[in-house]
Amino acid sequence: MDQTGASFARVALRYVTPRADGQTGHSTPIGGGAAAGDVLSNPAIETYELTRRFPSGVALDHLTLRVEPGEVLALLGPNGAGKTTTVRLLNGVLRPNGGWAKVLGVDPEVDPNEVRRHTGVLTEHAGLDERLTAVENLLATARIRGLDDQLARRRIGEMLERFGMSDRADEPVRGASTGQRKRIALARALLHEPEVLFLDEPTSGLDPSAIRDVVDLIGSLATEHGRTVVLCTHFLGEAGQLADRMAVLSHGRLHAFGRPSELASGLWRGLPTEIDLGGPATDDLVAAARGVRGVQLVHALPNGLEVVVDERQVLPQLISRLVELDAEVFGVVPHPPTLEDVYFEIEARVATKGSSQLDGEVPPPVAPPSAATRKRRHVRADGGVVGPSTPPPPPPPPAPHPEEATR
Amino acid sequence: MTVVEPTPATAAPAPTAGRGRAPRVPIDWQAVWAVVNKDVTAVRRSKAVVLPMLLVPVLMLVGLPLFISFASARNGGLHIDSFLSNVPHHLAAPILSLPPKQQAIVLVLGFLVAPLFLIVPLMVSAVLAADAFAGEKERKTLETLMHLPISDRDLYLSKLLSAFIPSVVISWVGFAIYLVVSNASAWPIMHRIFLPTWLWAVVIFWVAPAVAALGLGVMVRVSARARTSQEANQLGGTVILPIVILVVGQTSFLLLAQIWVSLTVGAVVWAIAIWLNLRGARRFTRDMLATRL
């Protein structure tokens, strides 16, 4: 396997390798024992071989990852992938069958309450008692968290104000919309100013407008106070907007972990780019493009060319060559792989391999998905993405002629 | 395209052996009362829970005294001679010494209702306990609760108290109403306040809370395993109903016999209830709850 071919596996495996200090699982004070700025040696969240089995099967299978303070991590995967189980394990709701986890340096299996004091959770369902008002729901949570009533009421007022729910503060939750409930639930999750925030499907069940609001809110939460956020979702749109890194889970196993760009560089070689020539490219232009160093693939398009280049720096040279041949270049549009491209490629490879980890035997990288492939995916109004296999896609454009398609 | 090289990792996994346990901490009463307060407030606003829960106490503690007093006042009163002939002499003698119209009132309202009254704390605690965890699951509020910093023990305790306190309060308030209604409705016949008696005092303040705790010992555990309140009630019904029959059937005459016997019956019920609840608390874990979500 060539160097780039193995890089995806390396990216995944390096990022999932445990911390270097060999620290034991003893409970240690949160926020203590670490010098300020000693970020790399004190991850906000760390797991090693974390495993949980249920009678119905393995929900989480040897999960190893590390999340730095202030980072937004997206846990991606279909339903049943193990995202919610991961959050429950990290917050000490479930106990692992194997491996260990640490949140802010504390093992949730050893001292779950200490972990929960410093984390906030927004569950998939807002989890508000409909018979109580927003204030009563939040006040109950604040009291359980040990806040005195005066402070709690002040914080509740501030949070409801911030989330635009002040006018519904004293009304039963029963009459609130799903979006309003999510806002109240977010306010509740932030009452005690947690250092780590777990957001489990925060936008599920919301209409597009509410999704935008909630995503904006989460975006602002993630950037304030260096808060660490774990975002569980199968909506790639919000993950792409919010997350620094992504972990792709499927059937309880971690299949990829890293920044989308890092994962993409391990999956594919090259940058697909559309060159608008105002009409079909001549054979001379296609041949000339193929002759430029660093150009991997050339497709003829009705209005020009689609090329795959080794890197962005190849483009000026390519354009110069085309201009030398009297081509009129109306536009050059690079299409770096999106989060959706990365996610679906990983899913496809996992499905092909049927394996646990894409380790060492990853299929050699191919060109990133073309514009045509992308068009076959649909970003739903709610931000979810429907893959190519999910009906009903629009009729795909005709495949390029084999002779045109490859160099 | 540049491949970003992540930090190389060379570490061995941290050992899991020798991991300690968090030291046992005292009960966090603020958290416990917060859950109790939330649950009681929510129940008070739920007609679907409150109405069925109040129906039996109202019928038994208001309807029954009114009926007995009304029936005794008509014609020659209720004829209970044949019934009293089957009752031990030391119980029957004082009643037989009363005027005929007063006999039925004293027998029924002063003695026979006492053991039946135990249905009230048992039923109320069972209804509320069935809702304790199963209701939270149904309303999808349980997961949020499990993510809060309250220990498993304190969470279980708070759910016990959320059902126990209302059931005892309803029993005691119901008994107060029963006293007023019974004495008032029977006044034209009795011409005196004949309730409460020592027997009633023992039943209300000693046996009734024990019976409520017994119902909880069963129903909270059932609730933790059921997915809905309805399922919990159905599951609990197979256990609770036999207990009701057993308690009422077997203790009726015991409670009527002597005060010390009533005290002993209460002590036995308390012992069983405490054992059941302690066992339930020890076995209760979030993990078990979350597994059934």
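Before reading further, recall that the structure is shown in the block above.
Residues numbered from 1 in each chain as written. Chains lettered and ligands numbered in written order. Predicted model: local features only at pLDDT ≥ 70, side-chain atom pairs only at ≥ 80, totals over all residues. Heavy atoms only, no water.

Chemist: What is the right way to read the overall build of chain A from this model?
Modeler: Helix and strand counts for chain A stand at 14 helices and 15 strands. Relative to all contacts within chain A whose residues are 6 or more apart in sequence, the contacts with residues 24 or more apart total 72%. Surface accessibility of chain A: about 16700 Å² in total, with carbon and sulfur atoms responsible for 51%. (Helix = DSSP H or I, 4+ residues; strand = E, 2+ residues; numbered from the N terminus. Contact = heavy atoms within 4.5 Å. Areas by Shrake-Rupley, 256 points an atom, 1.4 Å probe, with all protein chains shown as cover.)

Chemist: Is there a simple way to think about the overall build of chain B in this case?
Modeler: Along chain B, the regular secondary structure elements total 13 helices and 0 strands. Counting helices and strands in the order they occur from the N terminus, chain B gives α-α-α-α-α-α-α-α-α-α-α-α-α. Counting every position in chain B, which comprises 293 residues, the buried fraction comes to 53%. Put simply, 82% of the contacts in chain B that link residues at least 6 apart link residues at least 24 apart. Approximately 13600 Å² of chain B is accessible, and the part contributed by carbon and sulfur atoms is 70%. (Buried < 20%, exposed > 50% of the residue type's maximum accessible area, 1.4 Å probe, protein only.)

Chemist: Got a minute to help me understand the sheet that holds strand S11 (residues 295–301) of chain A in this structure?
Modeler: Strands belonging to one sheet form pairs held by backbone hydrogen bonds; the direction of such a pair is parallel or antiparallel. Residue and element names in this part refer to chain A. As summarised here, the arrangement of the 4 strands in space is S11-S12-S10-S13, forming an open sheet in which the pairing is antiparallel. Of all strands in the sheet, those with a lone pairing partner are S11 and strand S13 (331–334), marking the two edges. Looking at each pair of strands side by side, their axes are set apart by 20 degrees on average, direction ignored. Judged from the 6 bridges that link them, S11 and strand S12 (residues 304–309) form a sheet pairing that is antiparallel. For Leu 301, the partnering residue across the bridge sits in S12 and is Gly 304. Lying over the sheet, helix H11 (residues 314–324) contacts strand S10 (271–276), S11, S12 and S13, oriented at roughly 145 degrees with respect to S12. (Pairing = 2+ DSSP bridges. Axes fitted to C-alpha atoms, helices over the stretch in contact; angles between N-to-C directions.)

Chemist: How should the nonpolar core be read in this particular structure?
Modeler: Nonpolar side chains in soluble globular proteins tend to be buried together. Counting 117 residues, the largest nonpolar core has Ile 45 of chain A together with Leu 109, Phe 117, Phe 133 and Trp 200 of chain B as the members making the most contacts within it. With residues near it in sequence (within four places) discarded, Trp 200 of chain B still touches Leu 109, Gly 110, Val 113, Ala 114, Phe 117, Phe 175, Tyr 178 and Leu 195 of chain B. (Core = buried A, V, L, I, M, F, W, Y, C linked by side-chain atoms within 4.5 Å.)

Chemist: Which parts of the structure should I look at to understand a nonpolar patch on the surface?
Modeler: Residues and elements named next belong to chain B. Taken together, the side chains of Ile 27, Trp 29, Trp 33, Ile 165, Val 169, Val 173 and Ile 177 make up a nonpolar region of the molecular surface, amounting to roughly 590 Å² of accessible area. Within the residue set of the nonpolar patch, elements represented by two or more residues are helix H1 (29–44) and helix H9 (152–190). In terms of residue count, H9 provides more of the nonpolar patch than any other element does, 4 residues in total. Take Val 169: it is sitting in helix H9. (Patch = residues over 30% accessible without salt bridge, like charges linked within 9 Å, V, L, I, M, F, W, Y side chains within 5 Å. Salt bridge = Lys/Arg side-chain N within 4 Å of Asp/Glu carboxyl O.)

Chemist: So what exactly am I meant to see when it comes to helix H7 (residues 208–223) of chain A here?
Modeler: Turn by turn, an α-helix covers 3.6 residues, leaving residues three or four places apart pointing in a common direction. All names here are of chain A. With 16 residues, H7 ought to run about 22 Å at 1.5 Å a step, and its terminal C-alpha atoms sit 23 Å apart, in line with that. Here H7 has its buried residues at Ala 210, Ile 211, Val 214, Val 215, Leu 217, Ile 218, Leu 221 and Ala 222. In an axial view of H7, the angular spread of the buried residues amounts to 160 degrees, which keeps them on one side of the axis. Seen from the buried face of H7, the exposed residues on the opposite side, beyond 90 degrees, are Arg 212 and Thr 223. Residues of H7 that are buried make contact with strand S3 (72–76), helix H5 (149–162), helix H6 (178–190), strand S6 (196–200), strand S7 (228–233) and helix H8 (236–242). (Expected span 1.5 Å × (residues − 1). Arc of directions from axis to C-beta.)

Chemist: What is the right way to look at the pairing of S12 of chain A in this model?
Modeler: A regular strand carries its side chains on alternate faces of the sheet. Residues and elements named next belong to chain A. Among the 6 residues of S12, 6 are classified as buried, and the element is accordingly described as predominantly covered. For S10 and S12, the ladder comprises 6 bridges, and the chain directions are antiparallel. Note on S12: the bridge partner recorded for Glu 274 is Glu 306. Hairpin connection from S11 to S12: 2 residues lie between these consecutive antiparallel strands.

Chemist: Quick question: what am I supposed to make of the sheet that holds strand S2 (residues 57–67) of chain A here?
Modeler: All names here are of chain A. The strand order across the open sheet formed by 3 strands is S2-S1-S4, and the pairing between neighbours is antiparallel. Because the sheet does not close on itself, it has two edges, and the strands there are S2 and strand S4 (98–103). Across the sheet, the axes of successive neighbouring strands diverge by a mean angle of 25 degrees, strand direction being ignored. Pairing of strand S1 (residues 45–54) with S4 involves 5 bridges; the strand directions are antiparallel. Looking at the pairing, Glu 46 lines up with Lys 102 of S4. Running over the sheet, helix H2 (residues 83–90) touches S1, S2 and S4 and is turned about 115 degrees from S1.

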